[in-house]
Amino acid sequence: MAICALFRRLFAGKFAGRALLASFIVVLFLGGVQLRRWTGEKTRHVRFQHDIVNGFYWGSETLAEARRLSPDEASANSWTAFCRGYFALYDRVKREAYENDYGLDYPPLRLLAMSIWAKQVRSEFPGVDDGHPKLVNPLLKMNLLCELISAAAIFLLVRLWVRRSSSATQSPFLRALSLQQRASICGLAAASVAWLEPSLILDAHGWPQWDVWILPFYLFAALAALKNRWFSCGCLLAAGAMLKGQLLFVAPFFVFWPLWQKRWTRALRMLAGFAVTVALIVAPWLLCNLGAWIVVALVAGLSSLFLLRSGARYAASWVSGIVACAVFLIGAWDGGSFAWLRVGFLYGSEHYPYLFISSCYNLPWLLSNVGWSLKDHFWSLNLGSLHFDLTLQWTLRLLYLGALALCAYGAARHTRNRDPRTLIAIAAPWLLMFALLGQMQERYLMWGAVVSAVALGVSLRLSVIHFIISAASTAMIVHVMLIDKKLEATLRAIDVLNGVRPYASVVVLACVAVCLWNMLSTRTRVFQRRQADSSAVPSLSLGPAPEEA
């Protein structure tokens, strides 16, 4: 008993508590780094080399285009030549493609990252073969940085909302802690789970892929929206979409959200931030001469002069939106290049016209098993001489868009009520995207697996759902990596994973349905009597607690 009392006093001290917390974070970080290194070593024989080779190839094509446009070999290796090659590559690919088969499907910022990486590799290994790129470590370090930022963002997101939440908790584990401490513990638990997420580690360091790059942008965009910084939210979403276009599938969630609240200006500010960020990134393609730049500068100056001097609220956001519209209109009118849009975004949506790709546990896989295909006519309508066919692809897209609007409705309602299920509404778009849309790849559930770690700030039941989603995401990635190599020792595992696909698809859909139902259901608000006695403290779990009066 004396020893227990001693430890209780020790942990009750602020210094001891902070030292213990710091030690835990350091051990967690180092353990996660070591786990990633171990994963990279153990998956070397089943590594999916194609994505590394593809990224290096297109990065090298930027350098080749730079050499082609340079007057001599000495200047071909300069950063000026690099920029010329980078801005000219989309147009060359579009011009030389056979039947619009471009091969390149990288958005601008992702192409830029791969081009810088290829330049670094070429400078250290001048004669390296395109099929065997060296020095993949820079990309893996970028993956590690994005994973760390994502875990930090989940910590901030959960901690913020647990502090704001007005609902009571039920578990007695942490009842002696204050609201601030409980919020930090919930946030740390969610961040730890996200940092050690197996499908994330396997995708980023075993495969490896670059899907994790967009997670920090989405999570901080959600954090910005919760803090009423809608312009910043739009900027973050646009920057992330320029790295990987799949972020555009969930971006409408942040438009529907303020619309359900009848806050039209918030939606416009978000769109202004999105538009101006895209315009800044693609301006070198759209503004192809000095006159176009001068016109945009005049529009920016005049709109700033008018709006800022008029004292309009959010004037900077409106000026940014006007400038963005000017960039796109002048680019379309003055012959600017939209090859970045055609090659980097639209081609990717048409490249794989299948209900699913590889091994996916979702609704399109089940539909494919009963004979449906992506372009099948789901519904037809005749209006006189007009004939309209709705394909299964667009049916699934409309179904998803409706579900996304419901997520936004849940976010708007729970934000108003200070309900912790706001966190589930933020995670649900990624789960629904994978569950409902066609043309999904197995890796795409990883985003939902990571973001759904916020469930640890809501309830135990939804936390269990997160771990089921995580297991399914990991199994799909493992399945595809094993199929690609088909080693003798892995054939049995491949057979097992093939056999569980129908059941796993149903389980994933059921988990997504539970999340959606929990987010949309109405709970009866329980009013609790204020406790004057400090010993009668509400109990706590890994969910939010009532604010202290």
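Caption draft 1: Helix 13 (residues 253–260), seen in detail. Turning to helix 13, its buried residues number three or more, namely F253, F254, V255, W257 and P258. Where helix 13 is buried, its residues touch helix 10 (215–226), helix 11 (230–241), helix 12 (247–250), helix 14 (264–286), helix 19 (392–417) and helix 20 (422–436). K262 occupies a position one or two residues after helix 13 and carries a positive phi of about 60°.

Caption draft 2: Region of interest: the packing of aromatic side chains. Scanning the entire structure with this criterion turns up 22 aromatic pairs. Ring geometry for F87 versus W285: centroids 5.1 Å apart, planes at 80°, classification edge-to-face. You can see F87 sitting in helix 5 (residues 79–96) and its partner W285 sitting in helix 14, a full 198 residues away along the chain. Since its relative accessible area comes to 3%, W285 is described here as buried. A ring pair is formed by F253 and W257, whose centres lie 5.5 Å apart and whose planes are at 45°; its orientation type is tilted.

Caption draft 3: Summary view of the nonpolar core. The biggest cluster of nonpolar side chains holds 156 residues, and the ones touching the most others in it are Y218, L237, F253, F254 and W257. Counting residues per element, this core draws most heavily on helix 20, at 13 residues. With near-sequence residues (within four places) excluded, F253 lies in contact with Y218, L404, C407, A408, A411, A425, I426 and P429. Within the second largest apolar cluster, five residues are counted, among which are L28, V33, A151 and A191.

Caption draft 4: Main features of the packing of helix 23 (residues 491–499) against helix 24 (residues 501–520). Between helix 23 and helix 24, whose axes approach to 5 Å, the crossing angle comes to 50°. One way to sum up the angle between helix 23 and helix 24 is to call them oblique. Contacts between helix 23 and helix 24 involve L497, N498 and G499 from the former and R501, P502 and Y503 from the latter. Here the residues of the contact of helix 23 with helix 24 sort into three nonpolar, two polar and one charged.

Caption draft 5: Broad picture of helix 20. Taking 1.5 Å of rise per residue, the 15 residues of helix 20 would be expected to cover 21 Å, and the 21 Å separating its terminal C-alpha atoms lies within 8% of that figure. Remark: the principal bend of helix 20, roughly 35°, maps to A428, with a proline, P429, within the next four residues. With 15 of its 15 residues buried, helix 20 lies for the most part within the structure.

Caption draft 6: Region of the structure containing the environment of A272. Note that A272 resides in helix 14. A residue is classified by how much of its surface remains accessible, and A272, at 7% relative accessible area, is buried. For A272 and W230, which are 42 residues apart along the polypeptide, the C-alpha to C-alpha distance reads 9.1 Å. Excluding residues that lie within four positions of it along the chain, A272 makes contacts with F231, S317 and G321.

Caption draft 7: A look at the side chain of H479. Along the chain, H479 falls in helix 22 (residues 460–485). Residue classification places H479 among the buried positions, given a relative accessible area of 0%.

Caption draft 8: Broad picture of the packing of helix 11 against helix 13. One can describe the packing of helix 11 onto helix 13 by two numbers: an axis separation of 11 Å at closest approach and a directional angle of 160°. In terms of axis orientation, helix 11 runs roughly antiparallel to helix 13. Crossing geometry of helix 11 relative to helix 13 is assigned as left-handed. For the pair helix 11 and helix 13, contact is made by W230, C233 and L237 and by F254, W257 and P258, respectively. Counted by class, the contact of helix 11 with helix 13 contains six nonpolar, no polar and no charged residues.

Caption draft 9: Just the pattern of salt bridges, in detail. Applying the stated criterion across every chain yields a total of eleven salt bridges. The shortest N-O distance in the salt bridge between E65 and R68 comes to 2.6 Å. Within this pair, E65 and its partner R68 are both found in helix 3 (residues 49–69), separated by three residues, close to a single helical turn. On the basis of relative accessible area, E65 is assigned to the buried category, the value being 1%. Connected through salt bridges with shared partners, the residues E61, E65, R68, R92 and E96 form a single ionic network.

Caption draft 10: Summary view of the confidence of the model for the protein. On average, residues of the protein score 86 in pLDDT, and 88% of them are at 70 or above. Low pLDDT, under 50, characterises residues 1–8; the stretch is placed with zero contacts to residues that sit more than four places away or in other chains. The low-confidence segment residues 524–549 (pLDDT under 50) makes 64 contacts with residues lying over four places distant or belonging to another chain.

Caption draft 11: Representation of a nonpolar patch on the surface. Together, L290, W293, I294, L298 and L302 make up an exposed nonpolar region whose accessible area comes to about 560 Å². Here I294 is to be found in helix 15 (residues 290–310). The exposure class assigned to I294 is partly exposed, which follows from its relative accessible area of 45%.

Caption draft 12: Fine view of the side chain of H466. With respect to the helices and strands, the residue H466 is situated in helix 22. Overall, H466 belongs to the buried group, its relative accessible area being 2%. Every residue in contact with H466, bar those within four places of it in the chain, is listed here: V193, E197, A449, S452, A453 and L456.

So, how was this worked out
Residues numbered from 1 in each chain as written. Predicted model: local features only at pLDDT ≥ 70, side-chain atom pairs only at ≥ 80, totals over all residues. Heavy atoms only, no water. Buried < 20%, exposed > 50% of the residue type's maximum accessible area, 1.4 Å probe, protein only. Helix = DSSP H or I, 4+ residues; strand = E, 2+ residues; numbered from the N terminus. Contact = heavy atoms within 4.5 Å. Phe/Tyr/Trp six-rings, centres within 6.5 Å; stacked < 30°, edge-to-face > 60°. Core = buried A, V, L, I, M, F, W, Y, C linked by side-chain atoms within 4.5 Å. Axes fitted to C-alpha atoms, helices over the stretch in contact; angles between N-to-C directions. Parallel < 35°, antiparallel > 145°, perpendicular 65-115°, else oblique. Nonpolar A, V, L, I, M, F, W, Y, C, P; charged D, E, K, R; others polar. Expected span 1.5 Å × (residues − 1). Bend = angle between axes of the 7 residues up to and from the residue. Left-handed = near helix turned anticlockwise from the far one by under 90°. Salt bridge = Lys/Arg side-chain N within 4 Å of Asp/Glu carboxyl O. pLDDT = per-residue confidence, 0-100. Patch = residues over 30% accessible without salt bridge, like charges linked within 9 Å, V, L, I, M, F, W, Y side chains within 5 Å. Areas by Shrake-Rupley, 256 points an atom, 1.4 Å probe, with all protein chains shown as cover.

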